[in-house]
Amino acid sequence: MSMKPKLLAQPGKIGTMELNNRLVIPAMCTNYTYQGHLTDQAVYYYGLRAQGGAGFVIIEASAIDYPIGRSVLNCAVSDDRYIPTLKKLTDEVHKYGTKVALQIMHSGRQASAATCGSQPVSCSSAASAQVLYADIPRALSLYECKETVKKFGEAALRSKKAGFDAVEVHYAHGYLMSAFLSPFLNTRTDEYGGLEGGIKLCCEVIEEIKKRCGQDYPVLCRINGDDYHPAGGVTSIDSRLISVALETAGVDCINITAGLRESDHNLHDQTMASPRGSWVYMAEGIKKAVKIPVMVAKRISEDMVEGILANGQADFVCIGRPHIADPEYGSKLLEGRAEDILPCIWCAQGCFDVLWMLAPTTCLVNPAAGRTDERPVDELEKAPVKKKVIVVGGGPAGCEAALISTKRGHDVTLYEKNRRLGGAFRLATRSPAKAEVERLFSYFERALPKAGVQVVLGTELTPEIVETVKPHVAVIAVGADPVIPEKIHGTRGPNVVSVADVMSNQAQVGNRVAIWTCSHHCRFTCGPKVTPVDGDPTNMHSNYSYACMAGYSAVDTAEYLASQGKLVSIVTEREDIVPGMGYTSRGYLLRRFYRANVRVCSNARVKEITDQGLLLEKAGITFLLDADTVIVSVGGRSRKGLTEALKGKVGELYTVGDCDQIGNAMKAIESAYDTAVKI
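Residues numbered from 1 in each chain as written. Predicted model: local features only at pLDDT ≥ 70, side-chain atom pairs only at ≥ 80, totals over all residues. Heavy atoms only, no water.

Focus: the packing of aromatic side chains
On inspection of all chains with the given rule, the structure shows eight aromatic pairs. Centre to centre, the rings of Tyr-544 and Tyr-546 are 6.2 Å apart; their planes meet at 45°, and the pair counts as tilted. You can call Tyr-544 partly exposed: its relative accessible area is 22%. Arg-22 extends its terminal NZ or CZ atom over the ring of Phe-316, reaching a point 5.3 Å from the ring centre. In this arrangement the basic side chain of Arg-299 is found over the ring face of Trp-346, its NZ or CZ atom lying 5.4 Å from the centre. (Phe/Tyr/Trp six-rings, centres within 6.5 Å; stacked < 30°, edge-to-face > 60°. Buried < 20%, exposed > 50% of the residue type's maximum accessible area, 1.4 Å probe, protein only. Lys NZ or Arg CZ within 6 Å of the ring centre and 35° of its normal.)

Now the structure itself:
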């Protein structure tokens, strides 16, 4: 039992709004919308998390001008017709004594013509460097700027009518108002030009909201503590003067975030590769400059919360993605049960990545997130008949299948041939960018015995053991073997090693390393599945995709070896490295590759592996990529042997994870969950 966080549990106040505690769920877009309306899926999702103990929930970015003001499948607050569905959500959240705010925003230049139905708008015509936002925006006229002020005010009033206890105005992340605050983006020469003009516009929005909603209606602002952009923009110094100006205009709370989409600073990385609590220093500086409360977010762990509050670095702590992973996060933390929290590992695969694919939010560790039948694990519906279940394999799929089956009332035994749980996925923890994967298996090592699972380590299950145990159900989760392209000469050479050998320190690796991955020998296809978004006003299409185990293993190994000072090259026969990886994760990965001097050669066909390295063909030219060590990670082949051997010997036989269908950890856990809830 961990210590109860006393300061986090204390009531807080923002303007006239009183909160039960100082734990905040910040705004995170989910794509749970239909034509700008939040759906019943969104209502249930937020209600479940409000029930989970947080004192304050801020609902995702809502467009004040829809659809031109959206960036993904945002909800809308641009017309009175949205009030009823917004009211449905506030009623649900209020059931649990939780206060709720709506974040109101305009995406500005961080949109595309396809997303918003017309040319994006901004303070000036500066286009984003990001592929997602390649369209050059149109600069708003002076009249349109003043109309935007009114639209923010009207949106806030609708929020109030819908029952929201407050609004948060989005002035961050390069969206419209953030661009106005940026000295290098805002090149206007009128009254709204430059940093001073941007502050003027932002303050006018606050004054308009207060005028329409009343001076006592709480208004928060989410601002960048730093744009983290090499060309300039808001710095951690500028954010202090911006905060003081907003306080003078009537803002009741400052919520600190950071970064533009173009930012390449490591403190802006949204994956587990970035440092914990990396934005706290900015909140601390701003708190010294203003008298109103300050909030802060960004990878704040359970053991950091009390220190942030005790040291006066912030008044409220925003913890977002961990609430996706565990809807009971708040209750467990506040009750001193932090060890029972299903941990977010900050992989970004189910939240950030799918967001830009215009697909609904999910979660690697909690595949039920966002489903209308989602339940906390201790409240899962019990199975009608208790069965004896064996699970074979202690990787992510096996651990998930065992835990969910047990929580549903079955008698479960998990067999793992190694001395620790985790399987191939645990090897990823050797990479400095994937260290937090360890938290997931540390959780399973506690949670499985606590739930009643009998965990048998160091035992490879055989058909003979099954005949002795006589289970009603067997769930096979034994993973996959790496594919070795036998037709390529040299794949069995002494300088060729596997990812598993490298990551388990069973192979000697030279100073110059070539990693071959994403090959045409891989049967997994990373390409996106393009699907029309139902009822979308601009006919948007989602483009869901995911990468397989071989691609992830290759890049994890590359980062691990680069951290040792080795010169790493990656060769792929496809157009991109790990092309199915989500836009967010891939972007941060490639920036880390650049800083670590990991180089990628795409569209290159491997002709042969020699004792000198890889013989490649590209652009009609054959050449040698020299390497002391060659690592082959070009695909996986499901292990079917045990499943075949058990056919007819067990009443119910299931395969989950990579031994069923090649995928990745997120897909493995999803398949295990879906299977376990049917047993």
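A look at unusual backbone geometry
Cis peptide bonds are those with omega within 30 degrees of zero, and the linkage from Tyr-66 to Pro-67 qualifies with 5°. In this fold, Pro-67 is placed in the loop between strand S6 (56-63) and strand S7 (75-76). Positioned with a positive phi, Asn-31 is a non-glycine residue whose angle comes to about 65°. Within the element layout of this structure, Asn-31 appears in the loop between strand S3 (23-25) and strand S4 (33-34). A relative accessible area of 6% means that Asn-31 is categorised as buried. (Helix = DSSP H or I, 4+ residues; strand = E, 2+ residues; numbered from the N terminus.)

Observations regarding the pairing of strand S30 (residues 629-633)
With five of five residues buried, S30 is to be regarded as a mostly interior element. Pairing of strand S21 (residues 496-497) with S30 involves two bridges; the strand directions are parallel. Looking across to S30, one finds that Val-496 is bridged to Val-630. In the sheet, strand S22 (residues 512-517) pairs with S30 via five bridges, with the strands oriented parallel. When the sheet's bridge partners are listed, Ile-515 is paired in S30 with Ile-631. (Pairing = 2+ DSSP bridges.)

Digging into the sheet that holds strand S25 (residues 567-572)
Spatially, the five strands line up as an open sheet ordered S21-S30-S22-S25-S26, and their pairing is parallel. Only two strands of the sheet have a single neighbouring strand rather than two, namely S21 and strand S26 (599-601). Against the sheet, helix H18 (residues 549-562) contacts S22, S25 and S30, and its axis sits at roughly 170° relative to S22. (Contact = heavy atoms within 4.5 Å. Axes fitted to C-alpha atoms, helices over the stretch in contact; angles between N-to-C directions.)

Section: the nonpolar core
The biggest cluster of nonpolar side chains holds 139 residues, and the ones touching the most others in it are Ile-104, Val-169, Tyr-171, Leu-246 and Leu-440. Here this core takes nine residues from helix H6 (residues 194-213), the largest share from any one element. Setting aside chain neighbours within four positions, we find Leu-246 in contact with Tyr-171, Cys-202, Cys-203, Ile-206, Cys-221, Ile-223, Val-251 and Ile-254. Core analysis: the next-biggest nonpolar cluster, separate from the first, contains 35 residues, Val-513, Cys-518, Val-555 and Leu-589 among them. (Core = buried A, V, L, I, M, F, W, Y, C linked by side-chain atoms within 4.5 Å.)

Notes on the sheet that holds strand S27 (residues 605-610)
Backbone hydrogen bonds are what pair the strands of a sheet, in a parallel or an antiparallel way. The three strands are arranged S27-S28-S29 in an open sheet whose pairing can be described as antiparallel. At either margin of the open sheet sits one strand with a lone partner, and together these are S27 and strand S29 (621-626). If you compare each strand with its neighbour and ignore which way they point, the axes differ by 25° on average. In this structure, S27 lies alongside strand S28 (residues 613-618), joined through five bridges in antiparallel fashion.

Describing empty space enclosed by the protein
Applying the stated criterion across every chain yields a total of 11 cavities of 30 Å³ or more. Lining the largest cavity are 35 residues, with Ala-27, Met-28, His-173, Arg-222 and Phe-352 positioned closest to its centre. Only helix H10 (321-325) and helix H12 (349-356) provide two or more residues apiece to the lining of the largest cavity. Among the elements that take part in the lining of the largest cavity, H12 stands out by supplying four residues, more than any other. Per-class residue counts for the lining of the largest cavity are 21 nonpolar, nine polar and five charged. Counted as a void, the second largest cavity has a volume near 170 Å³. (1 Å grid on protein atoms, 1.4 Å probe; cavity = no way out; pocket = protein on both sides within 12 Å on 5 of 7 lines; lining within 4 Å. Points joined across faces, edges and corners; volume = space filled by probe spheres on them. Nonpolar A, V, L, I, M, F, W, Y, C, P; charged D, E, K, R; others polar.)

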